[in-house]
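Given next are the chains, with one letter for each unit.
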Amino acid sequence: MSKKTLAQLAAMTPCDDYDPNSMSVAQAKQFIRQYLHPVQETERIAIRDALDRVCAQAIVSPINVPDYDNSAMDGYAFVHAELAQYSQLRIAGKAFAGSAYTDKHQPGTCLRIMTGAVVPADVDTVIAQEWVECEGENIRLQQLPPLGANIRRAGEDIAAGQTVFEQGHLFQVADIGLLASLGIAEVEVLRPLRVAFFSTGDELLDISQPLQAGKIYDSNRYTLFAILKKLGVQISDLGAIPDQADRLETTLLTAASAHDVVISSGGVSVGEADLMKPLLQQHGQVLFWKIAMKPGRPLAYGKIGEAHYFGLPGNPVAVMVTFYQFVQSALQILMGQSHPYEVPLLTVKLAQGLKKAKGRMEFQRGYLYCDEQGEWRVKSTGNQSSGVLSSMSRANCLIVLDEDCGHVEAGELVQVQLLKGLI
Ligand code: AMP
Ligand code: MG
């Protein structure tokens, strides 16, 4: 990877170690990675607001979880060694969850105990009620469980003093409940990332207006809004900007002065970059790439002042694909996540052949489904033109085809990235 600064690279024409015309997806990602430094400022928030926020300070458990030995079953608690002497045990009392049982244990007796109830210190084993025969006040065990069975030990889940969340952890659904289980009401998190975005193009119409000849509705801003909302960043929608240098300049500078990240769509393809390129060269250090990928060949990345800038292509599907491949992980790093989520690549059988050109990485829109034999298969969602957003909307995965692979036949194994997950 290059040791040159962004400014030096941005001023260069294609040469040995930096060739903007032959960037692979992996190279471009790695390239961007070296300029990303997470936000530092923190704030304290209630745990209900902590979902998708990044932990700013390691969280150590103030208590044992569970806090006391308790029964894992509805059953009977007894002293294991006494079974050598007694063929049946008398039920001496009942222990319910939420109230401690305080009577002293008498030899030859047992305690009716409910799930979650404190197991008194003078008994040592619990048997599930299903394995017990009741005869009036007495029980007879149908099998002898091992010593200590069916007791959840104090600190077994989490011990007091144990680090539960490291700095840089992204709080997920289960974590919110876990924090509550530790009695923690507030957490220190990194401040949200401020992300501004705008569309470019004279052809763009706002959805509030009637359609006119030669115009299209600006969909990219809505797609970007939806993607960014899911990531939990602070969003500023700066609108659709016509292809006019002065308007683009003002928008870029305003955006860069008040945000951590600026994203634009359109205006970076060959010919079109004529407007954006001089502006970005004047005000920032921005690299224009032709990534060996489809969709999404043109891509710009760099800095305008302190802000990171991503110039995405204009085609609606290319916007999504380039966002997922480059911008998403960059935002996660800037948000302070120490282990950004790596979207798993699953290997599945192709239901039908796919056309693919060698020499570029392709992200084809796919539909993953379970066939009648219970085997997972993937098929194309149809037209792969990068302007066809409906086929992206039908897709539930991207079929990832490496640079060196050509056409793929039905039955061959391919890799897919899921577009949706459980949480
Ligand atoms: P560009 O990268 O600006 O050359 O745009 C490539 C294609 O994407 C053109 O067909 C544009 O009309 C279309 N496009 C650009 N921006 C948008 C947008 N915000 N919403 C929908 N389509 C767009
Ligand atoms: Mg355009």
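Data block above holds the structure.
Residues numbered from 1 in each chain as written. Chains lettered and ligands numbered in written order. Predicted model: local features only at pLDDT ≥ 70, side-chain atom pairs only at ≥ 80, totals over all residues. Heavy atoms only, no water.

**Student:** Quick question: what am I supposed to make of helix H4 (residues 220–231) here?
**Tutor:** With twelve residues, H4 extends 17 Å from end C-alpha to end C-alpha; this agrees with the ideal 16 Å at 1.5 Å per step. Among the structural elements, strand S13 (194–200), strand S16 (234–241), strand S17 (261–265), strand S21 (307–312), helix H7 (316–334) and helix H8 (389–394) are those in contact with the buried residues of H4. Gly232, located one to two residues past H4, shows a positive phi value of around 75 degrees. (Helix = DSSP H or I, 4+ residues; strand = E, 2+ residues; numbered from the N terminus. Expected span 1.5 Å × (residues − 1). Contact = heavy atoms within 4.5 Å.)

**Student:** Looking at this structure, how should I read the environment of Val408?
**Tutor:** When you line up the elements, Val408 lands in the loop between strand S25 (397–401) and strand S26 (413–418). For the pair Val408 and Leu354, spaced 54 residues apart in the sequence, the C-alpha separation amounts to 5.2 Å. Apart from residues lying up to four places away in sequence, Val408 is in contact with Leu350, Gly353, Leu354, Leu401 and Val414.

**Student:** How should the packing of aromatic side chains be read in this particular structure?
**Tutor:** Each aromatic ring pair is characterised by the separation of its centres together with the angle its planes make. With the rule as written, the count across this model stands at eight aromatic pairs. Here the aromatic rings of Phe31 and Trp289 are separated by 5.7 Å at their centres, their planes lie at 80 degrees, and the arrangement is edge-to-face. Of this pair, Phe31 sits in helix H2 (residues 25–33) while Trp289 sits in strand S18 (residues 285–290); the two residues are 258 residues apart in sequence, bridging distant segments of the chain. Classification of Phe31 by relative accessible area gives buried; the value is 2%. Given the relative accessible area of 2%, Trp289 is considered buried. In textbook terms, an aromatic cluster arises when at least three aromatic residues are bridged by ring pairs, as seen for Phe31, Tyr35, Trp289, Tyr301 and Phe310. Of note, Lys379 hangs over the ring of Tyr369, and the distance from its end group to the ring centre comes to 5.1 Å. (Phe/Tyr/Trp six-rings, centres within 6.5 Å; stacked < 30°, edge-to-face > 60°. Buried < 20%, exposed > 50% of the residue type's maximum accessible area, 1.4 Å probe, protein only. Lys NZ or Arg CZ within 6 Å of the ring centre and 35° of its normal.)

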